[in-house]
Each structure stands twice: as C-alpha cells, then as structure tokens.
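# An overview of the molecular structure
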2 protein chains.
Amino acid sequence: MVDDDTRWLTRDETHAWIALVSLTVHLPHALDTQLQRDAGLSLTEYQVLSWLSMATRRTRRMRDLAARADVSLSHLSRIVARLEARGWVRRHPEPTDGRTTLATLTDDGWDKVVATAPGHAAEVRRRVFDGLTPAQVAALTDVARHVTDACGVTLPPIDGDPDDPDAT
Amino acid sequence: MVDDDTRWLTRDETHAWIALVSLTVHLPHALDTQLQRDAGLSLTEYQVLSWLSMATRRTRRMRDLAARADVSLSHLSRIVARLEARGWVRRHPEPTDGRTTLATLTDDGWDKVVATAPGHAAEVRRRVFDGLTPAQVAALTDVARHVTDACGVTLPPIDGDPDDPDAT
DNA sequence: CGCCATCACTTCCCGTGTCAAGTAATGTGG
DNA sequence: CCACATTACTTGACACGGGAAGTGATGGCG
C-alpha cells in the first residue's frame, strides 16, 4: 500500500528537521516582538528600512528591494506605503523608465534605522549568536545558503546598482 | 550619538544572519506550496495531522498539540476546526477533566497522512538534506535547538501522554 | 459549601500577506 | 507608427494568524 521506495528521513535528519521547523516559527516571532515593542516596527518593515539604509544613495528599485528583503512585490508595495505614510521612505519614478519606482530612505528614516539597529542587533545576538562557536556560525551559513539555493532563490547584489556611476 | 557599546554582529555573523533570514522565509513557503498543490493542506495543517499520527492512540490534548506543532492555542483551535470539518480529526472532552479537549486522528485522517507523507518527505529531502553531510546535519540540529531554546520554547514529549497507562 | 482564582479552550476583531486582476509605461513586429 | 505582448508596480478580495476577551470547568481556601 505504501510506496516504500520513498527515501524517508533518517533518525538524525528527523531530529534536525523538528528543530529547524521550530526555529522558523519562533525566531521570527521573537524578533518581531522585540521590534514591535521597542520601535513599533514589524520585522519585515525593519528589514526593508535596513536594506535601504545600506544601498547606494539610500535608494533602490522596488523590484530589487523586494528580492533582497525576501518579500513579494505586492507585499513590498504595501510595506513601503506604510513606511511612506510614516515619513521614513519616499517613492519617485525612475527618470529613464517610467515603469520603475525608486524607494529612497528619508533623513527621518535614516534616524529611525540608527535608533533601532542596536536593539535589534542585541536581540539577534541573544537569540542566535551568543553561545555559538565560529565553526557553528560557519556551518550555519553553509547550511542556510544551501537550503535557500535549493528553494530557487536568487538575490540581487547587496550594494547599490552596479551601473550607478555615483556608487562609492 | 550612537551607543558604540553595542556589540554589533561580526562580518561572518552578518552573512550567517542574512542567509538564515532568507531560510526562514523561503523554506516554509516552498513546503507549503508543495503540500497545497499535492494534498490541499497547509504546512501547519499537515504538521498537526502528522503529530497526531505519531501520538499514542492518535490522540493528544489541544494544549500539548499546540506546543508540539509550534502554534498558539487559538490558532490550533481554528486549524482543528478546519480538519474536523474535512473529517480527519474528531474533538471530544477528556472524561477526567471537562476543561480539556482531546483531538483524535480519524481513520480517514490517518489515510490522509499516509498518502501525503512521502511527497512531503521528498520535498524536505530536496530542499534541506540532499547534499548535506552528516556533520552538517548534526551542526544544524545543535544550532537550531540552541536558537529555539534562546527563544524560550519548551516542548512536550514526542510520544503520547506519559501518564497514559495504555501507552506502549 | 461557596466564592474566587486558575486553566483550557473558543471566539471576536484586527492587521498582515497572498493571489489575481488592473493600470501605466516600454519594447517589438508588421 | 500602431497594435500587442511584456515589464513594473498597485489595488481589491480574501484567508490566515495573533492577542484580548469570553465561556465553562476545576481546584483551593475560608
């Protein structure tokens, strides 16, 4: 009745799997709670502000920003609408292509990131990196990249547009 | 202006962090997509059915099931209501304590799990374990447990109620 | 025995995210 | 130079999940 050609998980893999599922639920929740409490931001909102703050001229195309922050374009559209209403981001059309929208971090948005980052970093440290050895950090990096690759994810570069002549 | 006592993430930790965030977004999404397509189930719904199928007498208290499946009790209440409407789970009160509700997997529910499990296992294998060495699996387990512990998660035992005299 | 705190769930309200349809600006082939 | 497909984003309808409040059942204590 059962297809026993199925390659089931081994015992060790099952344990890893259970732990990993738990992580994917509780870690984002813990970070979200801290950000909401201390900064009135959701994790995804913070990620978007954070990636913008790292971009050349604090500006990115919506499309690239969505890929970088791991959200769909429609989702990003809503997030940025919220952030714009709070004065932290401004949207304006790309001059050379009227279809493309650029999102830029305002000065207030920059200040918000600067004010929020230390608490967020401390939370990430507390929940993830405190108590991990460098070897474990390296293993985590390899495994996480392996998994995201296997999920077919392709990310744009971390820095600003490579063809932007004003790039540092 | 900036509190430079902040213990920022190192370069390696930042890379690990970026990869880990990506994982927490894309891995659940990939698994959800496969289950939805092949079985008409969300990942959380499948997890609930799966944990029930492993429990002694296919029965668990709602409370324990919620903790085990990493969902809130209110969330579980809705999930089980959906599964009950589809005939895969039945709820009934615990005889010795009228407050407690027991959830039991029906025969149809069991068949559903049996039919769904191989495809799900294959997806987990493809997205996570294929290409990982045993050492990486072990490291993943350690890190994931470390993180969930740091998020203050406590899980009930995997088997059925320890004080159930009928337990195997 | 009776009152109140507690526990175990359920339900309500709300924000968020997703999929699909809509809109506007570009390329492209005749 | 004019349809038509394509790209890039926005919006609308809907489902899911979280937290607070509600409901019913227990336990503890005077």
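Residues numbered from 1 in each chain as written. Chains lettered and ligands numbered in written order. Predicted model: local features only at pLDDT ≥ 70, side-chain atom pairs only at ≥ 80, totals over all residues. Heavy atoms only, no water.

## Considering the overall build of chain A
What chain A contains, in helices and strands, is six helices and three strands. Along the three orthogonal principal directions, the C-alpha set of chain A runs to about 60 × 35 × 30 Å. A burial count over chain A gives 49% of its 168 residues as buried. Relative to all contacts within chain A whose residues are 6 or more apart in sequence, the contacts with residues 24 or more apart total 58%. Accessible surface for chain A amounts to roughly 8700 Å². Of this, 51% is attributable to carbon and sulfur atoms. Charge separation in chain A, taken as the distance between the mean sites of 20 positive and 25 negative side-chain charges, equals 5 Å. (Helix = DSSP H or I, 4+ residues; strand = E, 2+ residues; numbered from the N terminus. Buried < 20%, exposed > 50% of the residue type's maximum accessible area, 1.4 Å probe, protein only. Contact = heavy atoms within 4.5 Å. Areas by Shrake-Rupley, 256 points an atom, 1.4 Å probe, with all protein chains shown as cover. Lys, Arg positive; Asp, Glu negative; His and termini not counted. Charge placed at Lys NZ, Arg CZ, Asp CG, Glu CD.)

## Considering the protein's contact with DNA strand D
Near DNA strand D there are 20 residues, and of these A:R63, A:R78, B:H75, B:R78 and B:G98 occur at the shortest range. Protein-adjacent atoms of DNA strand D, using a 4 Å cutoff, are sugar or phosphate at a proportion of 64%. The separation between a base oxygen of DNA strand D and a polar side-chain atom of B:R78 is 2.6 Å. For DNA strand D, a sugar or linking oxygen lies 3.4 Å from a polar atom in the side chain of B:R99. At the level of secondary structure, the elements contributing two or more residues to the surface near DNA strand D comprise α3 (62-68), α4 (73-85) and β3 (97-105) of chain A together with α4 (73-85) and β3 (97-105) of chain B. In terms of residue class, the surface near DNA strand D is built from two nonpolar, 10 polar and eight charged. (Near = heavy atom within 4 Å. Polar contact = N/O pair within 3.5 Å; in protein donor to acceptor, adjacent residues only side chain to side chain. Nonpolar A, V, L, I, M, F, W, Y, C, P; charged D, E, K, R; others polar.)

## A short note on the pattern of salt bridges
All names here are of chain A. For the structure shown, the criterion picks out 22 salt bridges over all chains. When the shortest N-O distance is used, the salt bridge between D64 and R61 registers 3.3 Å. Accessibility expressed as a relative area gives 16% for D64, which makes it buried. A relative accessible area of 37% places R61 in the partly exposed class. Residues R99 and D97 are paired through a salt bridge, measuring 3.1 Å at the closest nitrogen-oxygen approach. Among the residues examined, R99 registers a relative accessible area of 74% and is labelled exposed. (Salt bridge = Lys/Arg side-chain N within 4 Å of Asp/Glu carboxyl O.)

## So, the sheet that holds strand β2 (residues 89-94) of chain A
Residues and elements named next belong to chain A. Spatial strand order, β1-β3-β2: three strands in an open sheet with antiparallel pairing. A strand with exactly one partner marks an edge of an open sheet, and here the two such strands are β1 (59-61) and β2. Strand after strand, the sheet turns through a mean of 30° between neighbouring axes, direction not considered. Against the sheet, helix α2 (residues 43-54) contacts β1, β2 and β3, and its axis sits at roughly 95° relative to β3. (Pairing = 2+ DSSP bridges. Axes fitted to C-alpha atoms, helices over the stretch in contact; angles between N-to-C directions.)

## Focus: the protein's contact with DNA strand C
Near DNA strand C there are 19 residues, and of these A:H75, A:G98, B:R63, B:R78 and B:T101 occur at the shortest range. In DNA strand C, the atoms that sit within 4 Å of the protein are 74% sugar and phosphate, with bases accounting for the remainder. A distance of 3.0 Å is found between a base oxygen of DNA strand C and a side-chain nitrogen or oxygen belonging to A:R78. Sorting the residues of the surface near DNA strand C by element identifies α4 and β3 of chain A together with α3 (62-68), α4 and β3 of chain B as the ones contributing at least two each. Broken down by class, the residue content of the surface near DNA strand C amounts to two nonpolar, nine polar and eight charged.

## Considerations on the sheet that holds strand β1 (residues 59-61) of chain B
Residues and elements named next belong to chain B. The antiparallel open sheet is built from three strands, whose spatial order is β1-β3-β2. This sheet does not close on itself; its edge strands, each paired only once, are β1 and β2 (89-94). On average, each strand axis in the sheet is inclined to that of its neighbour by 30°, with strand direction left out of account. Examined bridge by bridge, β2 and β3 share six bridges and lie antiparallel to one another. Bridge assignment links R91 to a residue of β3, and that residue is A103.

Purely geometric stuff here, so don't read any function into it on its own.
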